[in-house]
Amino acid sequence: MNPKYAARARAEAASLLRKARIAVTPDEIEAMEVADLGLGDIRHMGLEVIVYENNDRYCAKELVLLPRQICPEHRHPRVNGRNLGKKETFRCRYGEVYLYVAGERTPKPKARVPRRYKPFLTVGHEIVLRPGHQYTLPPNSLHWFQAGDRGAVVSEFSSTSTDENDLFSDPRVRRVGR
């Protein structure tokens with residue numbers, strides 16, 4: 001990713017964290033992952049991530065989405081006999097998040113998706129998260145989400161995160177960061 005775009009995304013994410021009144025250190029901002037997922041379209045597809053802790057028992061992160069930015073459809077499959085896949089809870093801290101999971105398709109979803117990504121977003125049951133709302137996904141659940149017009153900050157609490165094992169519906173996606 002172009003370093004200029006990454007720096008701009010990181011600065012915008014830091015601003016959203018301040019609006020959410022989430023205190024982070026300058027070192028955490030510097031280490032923030034700006035994930036364009038190999039698509040080179042950070043404005044539409046990607047997210048910014050601060051990992052507080054990720055060990056063999058649990059993980060805690062802040063997920064920052066710029067206005068209307070989408071985290072593409074994916075799932076966290078079984079990794080081995082001990083790791084059945086990531087179970088995660090999303091708690092909205094700022095903005096609005098449109099989370100899509102399996103279930104009855106929402107007739108008029110709030111998400112606005114560029115045409116080139118629509119074929120890869122197959123689940124369509126919408127859950128709207130506003131500050132203080134949370135939702136827990138079981139392991140191996142297909143999901144994707146988009147921020148509203150003001151962007152969003154989501155705290156993620158989960159079992160161990162093994163991002164390299166995530167399976168994305170769009171074969172073009174590569175889980176690469178900074």
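Refer to the preceding data block for the structure.
A quick note: this is a predicted structure, and the numbers were derived from the prediction, not measured.

On to the overall build of the chain, then. Helices and strands together make up the secondary structure of the chain, namely two helices and nine strands. Shown N-terminal to C-terminal, the secondary structure of the chain runs as helices and strands in the order α-α-β-β-β-β-β-β-β-β-β. Radius of gyration (C-alpha) of the chain: 15 Å, near the 16 Å computed for a compact globule of 178 residues. The 178 residues of the chain split such that 51% are buried. Looking at the chain alone, contacts between residues at least 24 apart form 76% of all its contacts between residues at least 6 apart.

Looking now at the nonpolar core. Grouped together as the largest cluster of nonpolar side chains are 32 residues, with contacts concentrated most on F90, W144 and F145. For this core, the secondary-structure elements that each account for two or more residues are β2 (47-54), β3 (59-65), β4 (70-75), β5 (88-101), β6 (125-129) and β8 (143-158). Among the elements that line this core, the one with the most residues is β5, at seven residues. Aside from chain neighbours lying at most four places away, what touches F145 is L63, L65, Q69, I70, C71, H74, F90, V97, Y98 and L99. If you look at the next biggest cluster of nonpolar residues, it comprises 17 residues, including L16, V34, L66 and V153.

Inspection of every chain in the model, using the stated rule, returns nine salt bridges. Linking K86 and E156 is a salt bridge whose minimum nitrogen-to-oxygen distance equals 2.9 Å. Linking K86 in the loop between β4 and β5 with E156 in strand β8, this pair joins segments that are 70 residues apart in sequence. Its salt-bridge partner being D170, residue R172 comes within 2.7 Å of it at the nearest N-O pair. You can call D170 buried: its relative accessible area is 5%. Each member of the salt-bridge network shares a partner with another, and the members are R68, R112 and D149.

What follows deals with the packing of aromatic side chains. In this description, a pair of aromatic rings is defined by centroid distance and the angle of the planes. A complete count under the given rule lists two aromatic pairs for this structure. For the pair Y100 and W144, a centre-to-centre distance of 4.2 Å together with 15° between the ring planes defines the contact as stacked. With Y100 in strand β5 and W144 in strand β8, the pair connects residues that are 44 residues apart, well separated along the chain. The pair Y100 / W144 is uniform in exposure class, with both members buried. A cation over an aromatic ring shows up here: K4 above the ring of Y5, its NZ or CZ 5.8 Å from the ring centre. Its end group placed over the ring of Y94, R150 keeps NZ or CZ at 4.9 Å from the ring centre.

Between the first and last C-alpha of helix α1 (residues 3-19) there are 24 Å, a value that for 17 residues agrees with the 24 Å anticipated at 1.5 Å per step. Along α1, the residues that are buried comprise A6, A9, R10, A13, A14, L16 and L17. The buried side chains of α1 occupy one side of the element, clustering within an arc of 160° when seen end-on. The exposed set on the far side of α1, more than 90 degrees from its buried face, consists of K4, R18 and K19. Looking at the packing, one finds that the buried side of α1 touches α2 (26-31), β1 (33-35), β2, β3, β5 and β8. You can read the cap of α1 off the contacts: a side-chain oxygen lies 2.7 Å from the backbone nitrogen of K4, and it is on N2. The positive-phi residue at the C-terminal boundary of α1 is R21, with phi of around 60°.

In this fold, T106 is placed in the loop between β5 and β6. When the C-alpha positions of T106 and E126 are compared, they lie 5.8 Å apart, and in sequence the two are 20 residues distant. Discounting chain neighbours no more than four positions away, the residues touching T106 are G124, H125 and E126. Within the structure, the side chain of T106 is placed 2.8 Å from the backbone nitrogen of E126, a separation counted as a polar contact.

Conventions and cut-offs
Residues numbered from 1 in each chain as written. Predicted model: local features only at pLDDT ≥ 70, side-chain atom pairs only at ≥ 80, totals over all residues. Heavy atoms only, no water. Helix = DSSP H or I, 4+ residues; strand = E, 2+ residues; numbered from the N terminus. Rg over C-alpha atoms; globule rule 2.2 N^0.38 Å. Buried < 20%, exposed > 50% of the residue type's maximum accessible area, 1.4 Å probe, protein only. Contact = heavy atoms within 4.5 Å. Core = buried A, V, L, I, M, F, W, Y, C linked by side-chain atoms within 4.5 Å. Salt bridge = Lys/Arg side-chain N within 4 Å of Asp/Glu carboxyl O. Phe/Tyr/Trp six-rings, centres within 6.5 Å; stacked < 30°, edge-to-face > 60°. Lys NZ or Arg CZ within 6 Å of the ring centre and 35° of its normal. Expected span 1.5 Å × (residues − 1). Arc of directions from axis to C-beta. Polar contact = N/O pair within 3.5 Å; in protein donor to acceptor, adjacent residues only side chain to side chain.

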